[in-house]
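Listed below, chain by chain, are the residues.
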Amino acid sequence: MNRQFREILKDEQIVAGYDMAAGVNDYCAVQFISKTKMDVPLVIHSNKTASDVTNDVVRILEKIYNITQIKPCIAPETNAGGSYEIDRMLAMNRLNWFDVWQQPTGIGMITESEPKKYGWTTTSSNRGKMLSDLKQAIDNRVLKIYDKKTINEMYSFVVVRSSSIWKAQAELNAHDDLIMSLSIAYQLYLNVDRPKKASDYEHVISEFPKEAWKNKSFY
Amino acid sequence: MNYLKWITDKLLIVNKKQEVVNFIPNKTQTDFLINMSGKDIILKSRQMGFSSIILAMFTADFILTENAYNVVVADIDDNATGLLARVKYYIQSYEERTGRKVPLKYNSKTELYNPVMNSYYKLGSAKNTQFGRSKTITNLHLCIGKGTKILCADGTTKPIEKININDILVAEDGKTTKVINKIKTGVKPLLKIKTWLSNEEILVSKDHKIRVMGKSKAWHYYRNIGEPIWKKAGELTTDNYILWAYPKTGAYIKFLTIPKIKNCIHLPINYVQKIANQKTDDFVVKTNYKLGYFLGYYLAEGNINKGRITFACHKDEEYYKKFIDLLPLKPTVEINKTKSGTRKLIIYYSLELASFIEKLVGKVTNKNVPTRFLYQFPKTFLKGLYEGWRDGDGSKAKLKWKCISITTIHEKIARQMKQIYALLNHRLLALDYHEKRFRYDKQTKPIYVLREHGFDKNKDHSKGASKQKYVITRNTSPKNGYLFVKIKSIEEVEEKETYDIEVDNKNHSFLTVCGVVSNSELAFYPDPESIFGSAIQAVVPNGRVIIETTANGFNWFKKLWDVGDDRGFKKHFYNPLWEYDQTFLDMKKKELDRLFPQEYPMTEEEAYLTSGSLYFDKQALQYYLFQSIEPITQKLIYE
């Protein structure tokens with residue numbers, strides 16, 4: 001089910017996190033964060049199969065580009081068979097109207113021999129960071145969230161003590177799709193740069209002396 | 001009825017200080033009595049007195065309303081008994097305060113019956129603990145008319161009024177299912193439904209749901225058979241087809257052994273072999289076509305007497321030659337002349353064989369086709385069984401009409417053979433029941449006549465032959481296993497007593513002589529696992545449903561709470577401040593620690609937490625909840 005809370009505007013930069021359904025009782029969730037307005041104007045939450053939802057998501061991203069004229073960036077979660085959907089998503093992106101997030105190879109790598117991976121891989125080491133970044137944003141009310149279901153899901157997101165550690169997870173029988181997709185989207189919000197436009201370089205161009213290349217000191 | 005006034009004027013209650021006082025509803029109870037809608041869900045804190053007020057309301061209905069059927073379901077048996085004790089106390093206090101006696105016919109641990117008003121008060125426990133701590137339902141009504149025959153798994157039929165709990169029936173998917181509940185549902189106007197291929201009928205109320213063929217999108221007329229759907233009996237026409245259920249064989253019994261008996265002629269041992277990992281020196285027979293044919297022919301013509309098996313047939317019949325090499329025993333073939341004519345007798349002199357056959361399929365009036373044949377034996381065996389029986393009992397006199405008719409007095413055999421035929425050929429045999437049958441001017445026992453059609457191989461469907469009902473009963477593919485039979489007539493009949501039974505099959509349906517019907521309305525509820533669903537659907541339009549509970553994690557109740565508005569329920573949340581002061585709550589908070597929000601929740605969301613504390617800041621979430629807005633559109637952005 002699609003829930004749109006306001007119109008998407010021109011020149012808005014949108015980033016999205018996509019959590020795919022792993023099983024029958026699971027939901028696919030996509031949260032779209034506006035980097036410009038710092039809110040979540042659009043949420044997709046569906047119990048259809050991931051391949052159905054991916055088709056919709058691609059069309060939505062293209063529509064967003066049509067409106068904003070800025071390429072939106074999406075990070076589908078690679079866990080639970082998401083890699084195949086990412087492949088499909090890349091193949092469907094024929095017009096190159098959106099970006100699929102490429103995860104850096106990791107801090108501490110000496111060489112860049114390993115290619116960058118498309119999509120977002122949640123691991124036990126980065127899950128804590130993702131959630132604590134999101135918690136900071138929520139607790140300080142930085143991000144505007146309009147969606148009641150997302151907030152309700154946050155009400156069922158608890159800290160539980162396992163044998164040795166405290167772990168944040170959904171209450172028994174409750175879902176965490178909306179929260180995990182929001183936390184991925186929030187990571188993108190923190191890490192995706194705003195693309196430069198021609199107007200961003202105007203002041204540089206104006207300061208640059210005309211025909212400077214003719215001057216030998218330029219070299 | 002003004003429950004508030006009635007309860008205050010007529011009932012007594014024991015308060016928390018163990019004193020007997022007039023029942024004056026407290027603030028929460030009064031609020032509920034004023035605001036209740038008839039379909040209510042209550043999420044509440046501990047000990048707010050909802051059970052007391054609901055039981056009191058139902059007591060009022062039990063005493064004053066005609067034909068009221070009040071059902072209260074508690075979580076466990078002990079609680080149900082406790083609740084009924086409270087009801088009995090209310091009735092006693094009513095008698096004391098008003099001086100009027102309430103007549104009680106049944107007064108058991110679980111049920112009260114008021115014969116003057118014909119009202120019931122029934123208490124049960126929910127088997128499924130996920131129902132929450134307790135729930136309360138009233139005014140159940142249901143559904144199937146007295147006299148309707150229900151098909152049991154062993155091939156017999158029983159009128160619904162004689163069905164007992166634990167009886168085994170056939171479910172929609174052909175599997176066996178057990179009766180877990182039976183309810184008498186009052187007198188109702190009924191519909192009599194008959195189908196083609198049978199002269200029997202079922203009586204159902206107009207609201208009762210029946211499994212019928214849905215529409216398919218396939219273009220071809222012959223394939224225009226969709227998945228089965230539920231339809232109310234009142235909406236059915238003679239163009240509808242009712243689903244027929246039949247078993248699917250498991251086919252894992254490959255051998256049978258004929259045990260040795262002392263002091264009798266032994267069957268020679270074929271060879272020692274392993275069956276089910278055990279060595280046996282008994283005589284081993286394969287469950288193949290020949291054995292099936294042998295048993296089928298025995299069911300038709302056979303007789304066991306003095307340790308021997310006799311097949312009696314017409315002097316020209318040679319069917320016995322089909323199984324003559326099944327056993328290493330050669331039968332004696334005699335021609336006998338009796339008063340009734342000349343007969344051929346085929347006799348096996350073997351006590352071992354006779355006792356084996358008797359144990360397997362019975363003898364004389366006890367002949368039957370065991371249920372396990374249908375579920376565990378191979379198809380080739382079943383084919384032999386059916387053909388042997390047909391050859392023995394069948395009459396080809398009607399072959400000019402392209403059908404064979406088979407007559408028997410054994411209901412168990414007739415109905416099981418119909419199921420076997422469906423299993424093998426994916427078609428239905430026609431089965432007529434004649435209660436009064438005369439032969440040579442004498443009334444005989446009731447008989448069952450089966451007709452096997454389809455001997456006209458050259459039928460040209462393009463010239464209207466497909467209009468025959470027998471052809472249309474065929475389904476598109478045996479793979480999906482659906483078999484339908486067309487409705488012949490629907491008539492309104494006079495009011496009769498009705499009953500409903502509940503089965504433990506997931507489809508909540510069972511097979512009658514005219515096809516599959518639902519048990520209660522359970523199959524129509526989005527959450528059919530719960531008995532709760534059926535009960536709600538069963539409540540009459542002006543009946544009342546009240547579900548009250550303290551929350552217990554994210555279970556079905558949370559789902560129901562979330563979608564309650566859509567399903568026509570009014571939601572009532574009572575936080576503990578309605579009933580308790582802050583000092584009491586502070587004390588409880590210390591006692592209960594992290595369980596406190598569940599037992600005494602301040603907000604709806606808090607009520608469902610069980611395993612930990614909130615990850616996000618509670619105040620921030622409240623702020624967000626306050627700021628949340630409804631979506632401007634739920635359409636996809638590109639649409």
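Residues numbered from 1 in each chain as written. Chains lettered and ligands numbered in written order. Predicted model: local features only at pLDDT ≥ 70, side-chain atom pairs only at ≥ 80, totals over all residues. Heavy atoms only, no water.

Undergrad: How should I be thinking about the overall build of chain A in this particular structure?
TA: In terms of helices and strands, chain A carries 6 helices and 11 strands. With 219 residues in all, chain A has 47% of them scored as buried. Of the roughly 11,600 Å² of accessible surface on chain A, 53% is carried by carbon and sulfur atoms. (Helix = DSSP H or I, 4+ residues; strand = E, 2+ residues; numbered from the N terminus. Buried < 20%, exposed > 50% of the residue type's maximum accessible area, 1.4 Å probe, protein only. Areas by Shrake-Rupley, 256 points an atom, 1.4 Å probe, with all protein chains shown as cover.)

Undergrad: Whenever I open this one, the pattern of salt bridges confuses me. Can you help?
TA: Pairing is possible between side chains that carry opposite charge, provided their charged atoms lie close to one another. For the structure shown, the criterion picks out 20 salt bridges over all chains. Between A:Arg6 and A:Glu12 there is a salt bridge whose closest N-O contact spans 2.7 Å. Of the two residues, A:Arg6 and A:Glu12, both sit in the buried class. As a salt-bridge pair, B:Asp432 and B:Arg451 come within 2.9 Å of each other at their nearest N and O atoms. Residue B:Asp432 is located in strand S27 (residues 430-434), and its partner B:Arg451 is located in strand S30 (residues 447-453); the two are separated by 19 residues in the primary sequence. Since its relative accessible area comes to 14%, B:Asp432 is described here as buried. Residue B:Arg451 is classed as buried on the basis of its relative accessible area of 17%. (Salt bridge = Lys/Arg side-chain N within 4 Å of Asp/Glu carboxyl O.)

Undergrad: Can you walk me through the sheet that holds strand S23 (residues 332-338) of chain B in this structure?
TA: Either a parallel or an antiparallel arrangement is found when strands of a sheet pair, and the pairing is made through backbone hydrogen bonds. All names here are of chain B. Pairing within the open sheet is antiparallel, and its 4 strands lie in the order S21-S22-S24-S23. On the outer flanks of this sheet lie strand S21 (302-305) and S23, each paired with one strand and no other. Geometrically, the sheet is characterised by an average inter-axis angle of 30° between neighbouring strands, direction not taken into account. Here helix H5 (residues 289-301) sits on the sheet in contact with S21, strand S22 (308-314) and strand S24 (341-348), set at roughly 70° to S22. Packed onto the sheet, helix H6 (residues 351-361) meets S21, S22 and S24 and runs at close to 75° relative to S22. (Pairing = 2+ DSSP bridges. Axes fitted to C-alpha atoms, helices over the stretch in contact; angles between N-to-C directions. Contact = heavy atoms within 4.5 Å.)

Undergrad: What should I look at first to understand the packing of helix H4 (residues 148-155) of chain A against helix H5 (residues 177-191) of chain A in this one?
TA: Angle between the axes and distance between the axes: these two values describe a pair of packed helices. Residue and element names in this part refer to chain A. At a minimum axis distance of 8 Å, the contact between H4 and H5 shows a crossing angle of 105°. Relative to H5, H4 is oriented roughly perpendicular. Here H4 contributes Lys149, Thr150, Glu153 and Met154 to the contact with H5, which in turn contributes Asp177, Leu178, Ile179 and Leu182. Residue composition of the contact of H4 with H5, by class: 4 nonpolar, 1 polar and 3 charged. (Parallel < 35°, antiparallel > 145°, perpendicular 65-115°, else oblique. Nonpolar A, V, L, I, M, F, W, Y, C, P; charged D, E, K, R; others polar.)

Undergrad: In this structure, what is going on with the interface of chain A and chain B? I would like to understand it.
TA: The figure often quoted for interface size is the accessible area lost as the parts come together. Across the contact, 43 residues belong to chain A and 31 residues belong to chain B. Across the contact surface, chain A and chain B share 0 salt bridges. For the pair chain A and chain B, the interface holds 9 residue pairs in polar contact (both at pLDDT 80 or more). When residues of the side of chain A that touches chain B are traced back to their parent elements, those giving at least two are strand S1 (2-4), helix H1 (50-68), helix H3 (124-139), strand S9 (144-145), H4 and strand S10 (157-161) of chain A. (Polar contact = N/O pair within 3.5 Å; in protein donor to acceptor, adjacent residues only side chain to side chain.)

Undergrad: Explain helix H3 (residues 50-64) of chain B to me, please; I cannot follow it from the model alone.
TA: It helps to recall that an α-helix has 3.6 residues per turn; residues three or four apart then point in one direction. The end-to-end C-alpha distance of H3(B) is 21 Å, a good match for the 21 Å that 15 residues give at a rise of 1.5 Å each. Burial within H3(B) is extensive, with 13 of its 15 residues counted as buried. (Expected span 1.5 Å × (residues − 1).)

Undergrad: Just checking my understanding: could you explain unusual backbone geometry for this structure?
TA: Apart from glycine, the bulk of residues carry a negative phi angle, and the bulk of peptide bonds sit in the trans form. All names here are of chain B. Of note in the backbone geometry, leucine 197 takes a positive phi value of approximately 70° without being a glycine. As for its position among the elements, leucine 197 is in the loop between strand S12 (176-195) and strand S13 (201-205). We classify leucine 197 as buried; its relative accessible area is 6%. Look at valine 364: it is not a glycine, yet its phi comes out positive at around 50°. Counting through the fold element by element, valine 364 comes out in the loop between H6 and helix H7 (371-376). Residue classification places valine 364 among the partly exposed residues on the basis of a relative accessible area of 48%.

Undergrad: I keep staring at the packing of aromatic side chains and nothing clicks. Help me out?
TA: Aromatic ring pairs are defined here through the distance separating the ring centres and the angle between the ring planes. Residues and elements named next belong to chain A. In the structure shown here, the tally under the stated rule is 31 aromatic pairs over all chains. Where phenylalanine 5 meets tyrosine 146, the ring centres are 5.9 Å apart and the plane angle is 40°; that geometry is what we call tilted. Remark: tyrosine 146 occurs in the loop between S9 and H4 and phenylalanine 5 occurs in the loop between S1 and strand S2 (14-19); sequence separation between them is 141 residues. Phenylalanine 5 gets classed as buried once you look at its relative accessible area, which sits at 4%. Residue tyrosine 146 is classed as buried on the basis of its relative accessible area of 14%. (Phe/Tyr/Trp six-rings, centres within 6.5 Å; stacked < 30°, edge-to-face > 60°.)

Undergrad: Please explain the environment of B:Asn2 as it appears in this structure.
TA: Residue and element names in this part refer to chain B. For asparagine 2, the location among the structural elements is in the segment before helix H1 (3-10). Look at asparagine 2 and you get partly exposed, because its relative accessible area is 48%. Taking the C-alpha atoms as reference points, asparagine 2 and leucine 33, 31 residues apart in sequence, are found 9.0 Å from one another. Among the polar contacts made by the side chain of asparagine 2, one reaches the main-chain amide nitrogen of leucine 4 at a distance of 3.2 Å.

Undergrad: Explain the nonpolar core here, please?
TA: The tendency in soluble globular proteins is for nonpolar side chains to be buried as a group. Within the largest apolar cluster, 63 residues are counted, with the highest numbers of intra-cluster contacts made by B:Phe294, B:Leu295, B:Tyr348, B:Ile357 and B:Phe373. Here this core takes 8 residues from H5(B), the largest share from any one element. Those residues within four positions of B:Phe373 in sequence are excluded, and the remaining contacts are B:Leu295, B:Leu360, B:Val361, B:Phe381, B:Leu382 and B:Leu385. A:Ala29, A:Ala75, A:Ile145 and A:Ala170 belong to the second-largest nonpolar core, a separate cluster that totals 42 residues. (Core = buried A, V, L, I, M, F, W, Y, C linked by side-chain atoms within 4.5 Å.)

Undergrad: Would you take a moment to explain H3(A) for this structure?
TA: Residues and elements named next belong to chain A. Taking 1.5 Å of rise per residue, 16 residues should cover 22 Å, and H3 covers 23 Å from first to last C-alpha, within 8% of that figure. Among the residues of H3, those classed as buried are Asn126, Arg127, Met130, Leu131, Asp133, Leu134, Ala137 and Ile138. The arc that holds every buried residue of H3, seen down its axis, measures 155°, which confines them to one face. Exposed positions of H3 whose direction lies more than 90 degrees from the buried face are Ser124, Ser125 and Gln136. Just downstream of H3, arginine 141 is the residue with a positive phi angle, here 55°. (Arc of directions from axis to C-beta.)

Undergrad: Help me understand the side chain of B:Ser198, please; the structure alone is not making it clear to me.
TA: All names here are of chain B. Along the chain, the position of serine 198 falls in the loop between S12 and S13. You can call serine 198 buried: its relative accessible area is 8%. At 3.4 Å, the side chain of serine 198 forms a polar contact with the backbone oxygen of leucine 431. When near neighbours in sequence (up to four residues on either side) are disregarded, serine 198 contacts Leu431 and Asp432.

Undergrad: Hey, could you run me through the sheet that holds S27(B) in this one?
TA: Residue and element names in this part refer to chain B. In space, the 4 strands of this open sheet follow the order S25-S26-S30-S27, with antiparallel pairing throughout. On the outer flanks of this sheet lie strand S25 (394-395) and S27, each paired with one strand and no other. Of the strand pairs in this sheet, S27 and S30 are connected by 5 bridges, and their pairing is antiparallel. In the sheet register, leucine 431 faces S30, and the bridge partner there is leucine 450. Sheet strands in contact with helix H8 (residues 379-393) are S25, strand S26 (403-408) and S30, and its direction is about 85° off that of S26. Packing of helix H9 (residues 411-425) onto the sheet brings it into contact with S26, S27 and S30, and relative to S30 it is tilted by some 20°.

Undergrad: It is not clear to me how the packing of H1(A) against helix H2 (residues 82-92) of chain A should be interpreted in this structure. Could you clarify?
TA: Residues and elements named next belong to chain A. Packing of H1 against H2 brings their axes to within 10 Å, and their N-to-C directions diverge by 35°. Between H1 and H2 lies a crossing whose hand is right-handed. When H1 is examined against H2, the residues Ala50, Ser51, Thr54, Asn55, Val57, Val58 and Glu62 are found in contact with a partner set consisting of Glu85, Arg88, Met89 and Met92. Class assignment for the residues of the contact of H1 with H2 results in 5 nonpolar, 3 polar and 3 charged. (Left-handed = near helix turned anticlockwise from the far one by under 90°.)

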